[in-house]
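Close look at the chain arrangement
This is what each chain is made of:
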Amino acid sequence: QVRVVESGGGLVQVGGSLRLSCAVSGSGSSIDVRGWYRQAPGKQRELVATIGSGGNTNYVDSVKGRFTVSRDNAKNTVYLQMNSLKPEDTAVYYCQAIVDFRVYWGQGTQVTVSS
């Protein structure tokens, strides 16, 4: 059974920082923790940042220069360092993983930025 567990969300003031973590565990010959998506109330889920197994990264324009995605392949864990947070960053953040060619999502972690 595959488990994708996010952590690190919370309430922060404008300009503050948070660090999200996503750990994938379970059986699987191929585990690739891809990165982060978010969904704000009334909006569709959108890509925030992804990172390939070789370290190549991709960010949505609205977070470039403020968010950094990184990974620890040995731990099957991906991180999202979020700095200079804005109210529009408020959303549920989800981690995506590919295990044996199947897509898995975590339960999400709430990030709320207060002004």
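Up top is the structure.
These notes cover the structure that comes with them. As the structure is a prediction and not an experimental result, all values here were calculated from the model.

**Considerations on the pairing of strand S9 (residues 91-99)**
Where burial is concerned, most of S9 is hidden: 8 out of the 9 residues are buried. Inspection of the sheet shows strand S4 (residues 31-39) paired to S9 by 8 bridges, in the antiparallel sense. Following the sheet pairing, Val-33 is matched in S9 by Ala-97. In terms of strand pairing, S9 meets strand S10 (residues 102-105) through 4 bridges, oriented antiparallel. Of the residues in S10, the one forming a bridge with Val-99 is Arg-102. Between S9 and S10, which pair antiparallel in sequence order, lie 2 residues; one of them, Asp-100, sits at a positive phi of approximately 50°.

**Observations regarding the packing of aromatic side chains**
In total, this model carries 1 aromatic pair according to the counting rule given. Relative to Trp-105, the ring of Tyr-37 has its centre 5.1 Å away and its plane inclined at 75°; by these criteria the two rings are edge-to-face. In this pair, Tyr-37 is assigned in strand S4 and Trp-105 in strand S10, connecting sequence segments 68 residues apart. The ring of Tyr-94 has Arg-45 lying over it, and the distance from NZ or CZ to the ring centre is 3.8 Å. Between Arg-45 and the ring centre of Trp-105, over which it is positioned, the NZ or CZ distance is 4.6 Å.

**A few points about the state of the cysteines**
This structure, assessed with the given rule, holds 1 disulfide. Put simply, Cys-22 and Cys-95 are joined by a disulfide, and their sulfur atoms are 1.9 Å apart. One disulfide, between Cys-22 and Cys-95, carries an S-S torsion of -80° and so falls in the left-handed class. With a gap of 73 residues between them, Cys-22 in strand S3 (residues 18-25) and Cys-95 in strand S9 connect regions that are remote in the sequence.

**Description of the sheet that holds strand S8 (residues 77-82)**
Taken together, the 4 strands give an open sheet; going across it, the order is S1-S3-S8-S7, and neighbouring strands pair in antiparallel fashion. A strand with exactly one partner marks an edge of an open sheet, and here the two such strands are strand S1 (3-7) and strand S7 (67-72). Taking the axes of each pair of neighbouring strands and ignoring which way they run, one obtains an average angle of 15° across the sheet. Where S1 and S3 come together, 5 bridges link them in antiparallel fashion. Among the inter-strand pairings, Glu-6 is bridged to a residue of S3, identified as Cys-22.

**A word on the side chain of Glu-6**
Within the secondary structure layout, Glu-6 lies in strand S1. Among buried charged residues, Glu-6 stands out as having no salt bridge; its nearest opposite-charge side chain is Arg-45, 7.4 Å away. A polar contact is formed between the side chain of Glu-6 and the backbone nitrogen of Cys-95, at a distance of 2.8 Å. Non-local contacts of Glu-6, meaning those with residues more than four positions away in its chain, are made with Ser-21, Cys-22, Trp-36, Tyr-93, Tyr-94, Cys-95, Gly-106, Gln-107, Gly-108 and Thr-109.

**Considering the pattern of salt bridges**
Taken as a whole and judged by the stated rule, the model has 6 salt bridges. Its salt-bridge partner being Arg-34, residue Asp-32 comes within 2.6 Å of it at the nearest N-O pair. Looking at Asp-32, the relative accessible area reads 16%, which means it is buried. In this structure, Arg-71 and Asp-32 form a salt bridge, with 3.1 Å as the shortest nitrogen-oxygen distance. One end of the pair, Arg-71, is in strand S7; the other, Asp-32, is in strand S4, with 39 residues separating them in the sequence. You'll find Arg-71 and Asp-32 in the same group, each marked buried. A single salt-bridge network, built from bridges that share partners, covers Arg-38, Glu-46, Arg-66 and Asp-89.

Definitions and limits used
- Residues numbered from 1 in each chain as written.
- Predicted model: local features only at pLDDT ≥ 70, side-chain atom pairs only at ≥ 80, totals over all residues.
- Heavy atoms only, no water.
- Buried < 20%, exposed > 50% of the residue type's maximum accessible area, 1.4 Å probe, protein only.
- Helix = DSSP H or I, 4+ residues; strand = E, 2+ residues; numbered from the N terminus.
- Pairing = 2+ DSSP bridges.
- Phe/Tyr/Trp six-rings, centres within 6.5 Å; stacked < 30°, edge-to-face > 60°.
- Lys NZ or Arg CZ within 6 Å of the ring centre and 35° of its normal.
- Disulfide = S-S within 2.5 Å.
- Axes fitted to C-alpha atoms, helices over the stretch in contact; angles between N-to-C directions.
- Lys, Arg positive; Asp, Glu negative; His and termini not counted.
- Salt bridge = Lys/Arg side-chain N within 4 Å of Asp/Glu carboxyl O.
- Polar contact = N/O pair within 3.5 Å; in protein donor to acceptor, adjacent residues only side chain to side chain.
- Contact = heavy atoms within 4.5 Å.

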